[in-house]
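What follows is each chain in one-letter form.
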Amino acid sequence: MIDLVALRSLKAIDVHGSVVGAAEALGYSPSAISQQIKRLDKHFGLPSLEKFGRGIMLTEHGRRLAEQGASLLAQVELLEAGVQAEGGKPSGAVRISAHSTACRGLLAPMLAELEAADSAVTVTFVENDPWVSVDLVATGQVDLAVVHNWNTQPLRIPTHIETLDLCVDVADVLVHRSHRLASRSEVTPRDLVDECWVSSTAGSICHDWLVRMFADIGADPHIPFYDSEFATHIALVEQGVAVGLLPRLGRPLLPESVVAVRVVDPVPTRNIQLIWRRTMSQSPAIRHLAAVLQTITNPELLRASL
């Protein structure tokens, strides 16, 4: 009988390009992954991996096994979800990937809800950018992900992944209370073209949206400061050395010296979505977590951050 655990490990090696990468993704040690592949090779009597330079690559047999095994693993997942649905009670472990603001603004209160309800569903989560989360769900490395689509920066979602809209999040520009725009009810990108910005790291979705916002008016934002942590953005605004564009979801209470001003033309919005593989749609645990997140994401949630 084919070892499904070993088959999943082989698929992870195919995705990540190394035994170490597969081990990190699946939560095993590299030696455990190697032992699983040895069992798989012994079962078929053919090697799945071969050396390539200083690394490894899948053999022709290994690649065929990984590709066809993915279909088998999907069928097993579909079967498991269907059987669990017959029982009806949500239970089991669910792996989640989410961007940082969703971890703070959605997953933290979700975990509190599960704890209060003494839920039989256990959750682990890891923080990732949305496109990484999409890949992790698509390849079976996590079960659920919370992702976001900026209005001009849409994500590409594979066809075997289901989506559920949770809420629409809005970003505001943060300025120091002494700033010339602090008393304004709203501003446009043209009002902000000469500002000194702090931004998320280059290549991130939030950074790309900020750059795109100014590209629409034929300008480039002046960005001398890059940091992946929004707490750092707020600290720089508090010191009066930069302005920042921060979403409302998961945003902490702002210091008294920091003011959030609404941006228009365009309004920076992003659609917050929950995604999972279609093969897990019948899972009571997946359905339960989706329902809990829907109760958390209501319009008051976003307005409360202002």
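It should be noted that the structure appears before, not after, this text.
About the criteria used
Residue indices follow the written sequence of each chain, beginning from 1 at its first position. Where local features are concerned, this predicted model is filtered to residues with pLDDT of at least 70; where side-chain atom pairs are given and counted, the filter is 80 or more; whole-chain, interface and lining totals use all residues. Water and hydrogen atoms were dropped before computing side-chain values, which therefore reflect all heavy atoms in the structure. Going along the chain from the N terminus, every DSSP run of H or I of four or more residues is numbered as a helix, and every run of E of two or more is numbered as a strand. For the exposure calls, accessible area comes from a 1.4 Å probe over protein chains only, and a residue counts as buried if that area is under 20% of its type's maximum, exposed if over 50%, partly exposed in between. Whether two residues are in contact is decided by their heavy atoms, any of which lying within 4.5 Å being enough. Neither His nor the chain termini are counted; the positive set is Lys and Arg, and the negative set is Asp and Glu. Where a charge sits is defined by one atom per residue type, namely NZ (Lys), CZ (Arg), CG (Asp) or CD (Glu). A pair of strands counts as paired when DSSP detects no fewer than two bridges linking them. Handedness of a crossover is defined as follows: with both strands directed away from the viewer, a clockwise route from the first strand across the helix to the second makes it right-handed. Regarding the arc, it is the one traced by the directions from the helix axis to the C-beta atoms. The rule for a salt bridge is simple: a side-chain nitrogen of Lys or Arg has to be within 4 Å of a carboxyl oxygen of Asp or Glu. A cavity, in this analysis, means grid points on a 1 Å lattice covering only the protein atoms where a 1.4 Å probe fits yet has no way out; a pocket is instead an open set bounded by protein on both sides within 12 Å along at least five of seven lines, and a residue lines either one if it has an atom within 4 Å of a point. Grid points are joined across faces, edges and corners, and a volume is the space filled by probe spheres set on the points. Nonpolar residues are Ala, Val, Leu, Ile, Met, Phe, Trp, Tyr, Cys and Pro. Charged residues are Asp, Glu, Lys and Arg, and all others, Gly as well, are polar. Nonpolar cores were defined as sets of buried Ala, Val, Leu, Ile, Met, Phe, Trp, Tyr and Cys residues, with membership established by side-chain atoms within 4.5 Å. An axis is simply a line fitted to the C-alpha atoms; with a helix, the fit covers only the stretch in contact. Between two such axes, the angle follows the N-to-C directions and lies from 0 to 180 degrees. Here roughly perpendicular refers to angles of 65 to 115 degrees, roughly parallel to angles under 35, roughly antiparallel to angles over 145, and oblique to all remaining angles. Counted as a polar contact is a pair of N or O atoms within 3.5 Å, where, for protein atoms, one must be capable of donating a hydrogen and the other of accepting one, and residues adjacent in sequence contribute only when both atoms are in side chains.

## Examining the overall build of the chain
When helices and strands are tallied, the chain shows 11 helices and 12 strands. Taken over the C-alpha atoms alone, the chain extends approximately 75 × 50 × 30 Å along its principal axes. Taken over 306 residues, the chain has a buried fraction of 44%. If you take every contact in the chain between residues at least 6 apart in sequence, the share linking residues at least 24 apart comes to 75%. Across the chain, the 26 positively charged side chains and the 34 negatively charged ones have centroids separated by 4 Å.

## Observations concerning the pairing of strand β8 (residues 196-199)
With three bridges connecting them, β8 and strand β9 (residues 222-226) associate as parallel partners. Residue pairing across strands places Cys-196 opposite His-222, the latter belonging to β9. The β-α-β motif built from β8, the intervening helix α8 (residues 205-215) and the parallel element β9 has right-handed crossover chirality. Direction of pairing for β8 relative to strand β10 (residues 243-247): parallel, over a ladder of two bridges. Across the sheet, residue Trp-197 finds its bridge partner in β10, namely Val-243.

## A few points about helix α6 (residues 130-138)
Along α6, the positions that sit buried rather than exposed are Pro-130, Ser-133, Val-134, Leu-136 and Val-137. Projection of α6 onto a plane perpendicular to its axis shows the buried side chains occupying an angular sector of 165°, all on one side. Structurally, α6 contributes buried residues whose contacts are with β3 (91-98), β5 (144-150), β6 (161-176), α8 and β12 (269-277). Among the residues trailing α6, Gly-140 stands out with phi positive, at a value near 80°.

## What about the environment of Leu-136?
Structurally, the position occupied by Leu-136 is in helix α6. The exposure class assigned to Leu-136 is buried, which follows from its relative accessible area of 13%. Placed 39 residues apart in sequence, Leu-136 and Ser-97 show a C-alpha to C-alpha distance of 7.8 Å. Leu-136 has contacts with Ser-97, Asn-128, Gln-141, Val-142 and Arg-277, leaving out every residue within four places of it along the chain.

## Examining the pattern of salt bridges
Per the stated rule, a full pass over the model turns up 12 salt bridges. Taking the shortest distance from any N to any O, the salt bridge between Arg-63 and Asp-14 comes out at 3.2 Å. Pair noted here: Arg-63 is in helix α4 (residues 60-87) and Asp-14 is in helix α1 (residues 4-16), with a separation of 49 residues, a long-range link. Exposure remark for Asp-14: the relative accessible area of 23% places this residue in the partly exposed category. Notably, a salt bridge pairs Asp-143 with Arg-95, separated by 2.9 Å at the nearest N-O pair. Within this pair, whereas Asp-143 is found in the loop between α6 and β5, its partner Arg-95 is found in strand β3, the two being separated by 48 residues in sequence. The buried category is assigned to Asp-143, whose relative accessible area is 6%. For Arg-95, a relative accessible area of 29% gives the class partly exposed. In the salt-bridge network here, residues are joined through shared partners; they are Lys-11, Asp-14 and Arg-63.

## Concerning the layout of surface pockets
What the second largest pocket holds in volume is close to 300 Å³. Ser-100, Glu-127, Asp-129, Ser-200 and Ser-228 are, among the 17 residues lining the second largest pocket, the residues nearest its centre. For the lining of the second largest pocket, the secondary-structure elements that each account for two or more residues are α5 (100-116) and α8. Here the lining of the second largest pocket is built from residues that sort into four nonpolar, eight polar and five charged.

## Comments concerning the nonpolar core
If you look at the biggest cluster of nonpolar residues, it comprises 37 residues, and the most contacted ones within it are Val-173 and Trp-197. Taken together, the elements giving at least two residues each to this core come down to α6, β5, β6, α8, α9 (230-238), β10 and β11 (258-263). Counting residues in each nonpolar core, the second largest holds 26 residues, with Met-110, Leu-166, Ile-272 and Met-280 among its members.

## Regarding the packing of helix α2 (residues 19-26) against helix α3 (residues 30-44)
Describing two packed helices takes the angle between their axes plus the distance from one axis to the other. Two elements in contact, α2 and α3, have axes separated by 8 Å at closest approach and are oriented at 105°. It follows that α2 is roughly perpendicular to α3 by the angle criterion. Counting all contacts with α2, which are made through Val-19, Val-20, Ala-23 and Leu-26, the residues of α3 involved are Pro-30, Ile-33 and Ser-34.

## Considering α2
Because each turn of an α-helix spans 3.6 residues, side chains separated by three or four positions end up pointing in the same direction. For α2, the complete set of buried residues consists of Val-19, Gly-21, Ala-22, Ala-23 and Leu-26. The elements touched by buried residues of α2 are α1, α3 and β2 (55-58). One side-chain oxygen of the residue at the start of α2 lies 2.9 Å from the amide nitrogen of Gly-21, identifying that residue as Ser-18.

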